[in-house]
Amino acid sequence: FGLTPGSPAAESVEFFFYDTAKILLLLVSLIYAIAWARAGLNVERVRDYLSGKARGLGYFLGSAFGAVTPFCSCSSIPLFLGFTTANIPVGITMAFLITSPLINELAVVLLWGLLGWKITVAYVIVGMVAGIIGGFLMDAIKAERWLHPAILEAIASMPAQSAVITASSSARKISVRERHNFAWTETSSIFRRVWKWVIIGVALGAGLHGFVPDNWFAQNLGAGEWWSVPLSVLLGIPLYSSVTGIIPVMESLLGKGLPIGTTLAFCMSTVVVSLPEMVMLRQVMTVRLLAVFVGYLLVMFTLVGWLFNMLGSVLI
């Protein structure tokens, strides 16, 4: 493009093309492989399994199921609605709703490749713990009473026997062609939904990488200042990205000197507590429940940021 090597514009363009190609290639290949392996997964059986377990185990299973489903925050809501109307405890569905956008197999692979295994393991643990604690809290305050009236009406009108879906009596082996068709459909669907957020995320990361002066974030959000973490959480709310799109941004923020905890808090807020998700959740939650849900996440992400800023030297 005739850019001067080493200039901010050249650095941004190089970052953009390299990371875009890398992430999109990983996106296609890994989602296809994961979908191939998941071809036999029966969502109804998962719902049935979760609804019959002890509550503590249910929180863990809901969080774990969220971690292995490749959904962004908005894409998780229809399945959250299905769990709720199936009379699965709202705490288990909340554990899923919190963890699902934060963690998926692709995010783990990308994080590992870009930021190393320590940050990856820490991120996964934090995401699952946030889901489990959130599920416990929602059941403790009986949050199901604050679901949208239309949802409560739908639950009340369901026959008792329909709350648990009966698994098919005979399982048959899935053919190679069926696995391919499922994996290809899944890959195409997710790619169409996610690719633009990947490009937007990489573009934002490229801009940060090339044009933001060194240490700008460290100087303006603080390097260890207590207020930098809650401020970063609040700054993430108006933004929206999938976890796949936010990883390049996370890489750039760390490269610019932002502490690990402040970076995690900002990125988690952007992925889970976004305005588009709040608009969609308002269709299934009352204002009170939505406020509790958002308030919990803001407090949790702030605590996570403070904790990881203290442990930063161990993780980086």
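In this text the structure is predicted, and so the values were computed from the model without any measurement.

**Q** Explain the overall build of the protein residue by residue, including any values.
**A** Scanning the protein from N- to C-terminus turns up 16 helices and zero strands. Taken over 316 residues, the protein has a buried fraction of 50%. By sequence separation, contacts in the protein at least 24 residues apart represent 85% of the contacts at least 6 residues apart.

**Q** Account for the side chain of Thr20, naming residues and giving values.
**A** Topologically, Thr20 is positioned in helix 1 (residues 8–37). A polar contact of 2.6 Å, which involves the side chain of Thr20, links it to the backbone oxygen of Phe16.

**Q** Before we move on, can you summarise the nonpolar core with the specific residues and values?
**A** Grouped burial of nonpolar side chains is what soluble globular proteins tend to show. Counting 68 residues, the largest nonpolar core has Met94, Tyr123, Val273, Met285, Phe293 and Phe301 as its most contacted members. For this core, the leading source of residues is helix 15 (residues 287–310), giving eleven residues. Among the nonpolar cores identified, the runner-up in size contains seven residues, and Tyr59, Phe65, Leu79 and Ile88 belong to it.

**Q** An account of the packing of aromatic side chains is requested, with residue identities and associated values reported.
**A** This structure, assessed with the given rule, holds five aromatic pairs. Ring-pair connections join several aromatic residues into one group, and the members of that group are Phe1, Phe16 and Phe17.

**Q** Tell me about unusual backbone geometry, residues and numbers included.
**A** Of note, the phi angle at Lys142 is positive, near 55°, even though the residue is not glycine. With respect to the helices, strands and loops of the structure, Lys142 is situated in the loop between helix 7 (117–140) and helix 8 (149–157).

**Q** Residue-level account of a nonpolar patch on the surface, with values.
**A** On the surface, a cluster of nonpolar side chains totalling about 690 Å² of accessible area is made up of Trp226, Trp227, Leu231, Leu235, Val299, Leu303 and Trp306. Within the residue set of the nonpolar patch, elements represented by two or more residues are helix 11 (228–236) and helix 15. Counting residues per element, the nonpolar patch draws most heavily on helix 15, at three residues. In this structure, Leu235 sits in helix 11. Residue class for Leu235 comes out partly exposed when judged on its relative accessible area of 44%.

**Q** Any chance you could break down helix 7 for me, citing the residues and the numbers?
**A** Here helix 7 spans 35 Å end to end across 24 residues, near enough to the 34 Å set by a 1.5 Å rise per residue. In the stretch just after helix 7, Lys142 is the one whose phi turns positive, near 55°.

**Q** So what's going on with the packing of helix 3 (residues 55–67) against helix 5 (residues 90–102)? Residues and values would help.
**A** Each packed pair of helices is defined by two parameters, the angle between the axes and the distance between the axes. Where helix 3 contacts helix 5, the two axes come as close as 7 Å, and the packing angle between them is 30°. Taken together, the axes of helix 3 and helix 5 are roughly parallel relative to one another. Note on packing geometry: the crossing formed by helix 3 with helix 5 is right-handed. Of the residues in helix 5, those touching helix 3 at Arg55, Gly58, Tyr59, Gly62, Ser63, Phe65, Gly66 and Ala67 are Gly91, Ile92, Ala95, Phe96, Thr99 and Ser100.

**Q** I'd love a proper account of the environment of Ser188, names of residues and values included.
**A** Mapped onto the fold, Ser188 is located in helix 9 (residues 176–211). Note: C-alpha distance between Ser188 and Tyr32 (156 residues apart in sequence) is 8.9 Å. A distance of 2.8 Å separates a polar side-chain atom of Ser188 from the backbone oxygen of Trp184.

**Q** Give me the lowdown on the side chain of Thr187, citing residues and values where you can.
**A** In this structure, Thr187 sits in helix 9. Sequence-distant contacts of Thr187, defined by excluding residues within four places in its chain, comprise Val28, Ile31 and Tyr32.

**Q** Which residues make up the packing of helix 3 against helix 7, and what values do they have?
**A** Where helix 3 contacts helix 7, the axes come no closer than 9 Å and their chain directions differ by 135°. One element, helix 3, and the other, helix 7, form an angle in the oblique class. In this structure, the crossing between helix 3 and helix 7 has a hand that is right-handed. For the pair formed by helix 3 and helix 7, the contact residues are Arg55, Tyr59, Phe60, Ser63 and Ala64 on the first element and Met128, Gly131, Ile132, Gly135, Phe136 and Asp139 on the second.

**Q** Before we move on, can you summarise the environment of Gly236 with the specific residues and values?
**A** Relative to the assigned elements, Gly236 resides in helix 11. For Gly236 and Val272, which are 36 residues apart along the polypeptide, the C-alpha to C-alpha distance reads 9.3 Å. Apart from residues no more than four positions distant in its own chain, Gly236 is found in contact with Phe266, Ser269 and Thr270.

Conventions we followed
Residues numbered from 1 in each chain as written. Predicted model: local features only at pLDDT ≥ 70, side-chain atom pairs only at ≥ 80, totals over all residues. Heavy atoms only, no water. Helix = DSSP H or I, 4+ residues; strand = E, 2+ residues; numbered from the N terminus. Buried < 20%, exposed > 50% of the residue type's maximum accessible area, 1.4 Å probe, protein only. Contact = heavy atoms within 4.5 Å. Polar contact = N/O pair within 3.5 Å; in protein donor to acceptor, adjacent residues only side chain to side chain. Core = buried A, V, L, I, M, F, W, Y, C linked by side-chain atoms within 4.5 Å. Phe/Tyr/Trp six-rings, centres within 6.5 Å; stacked < 30°, edge-to-face > 60°. Patch = residues over 30% accessible without salt bridge, like charges linked within 9 Å, V, L, I, M, F, W, Y side chains within 5 Å. Areas by Shrake-Rupley, 256 points an atom, 1.4 Å probe, with all protein chains shown as cover. Salt bridge = Lys/Arg side-chain N within 4 Å of Asp/Glu carboxyl O. Expected span 1.5 Å × (residues − 1). Axes fitted to C-alpha atoms, helices over the stretch in contact; angles between N-to-C directions. Parallel < 35°, antiparallel > 145°, perpendicular 65-115°, else oblique. Left-handed = near helix turned anticlockwise from the far one by under 90°.

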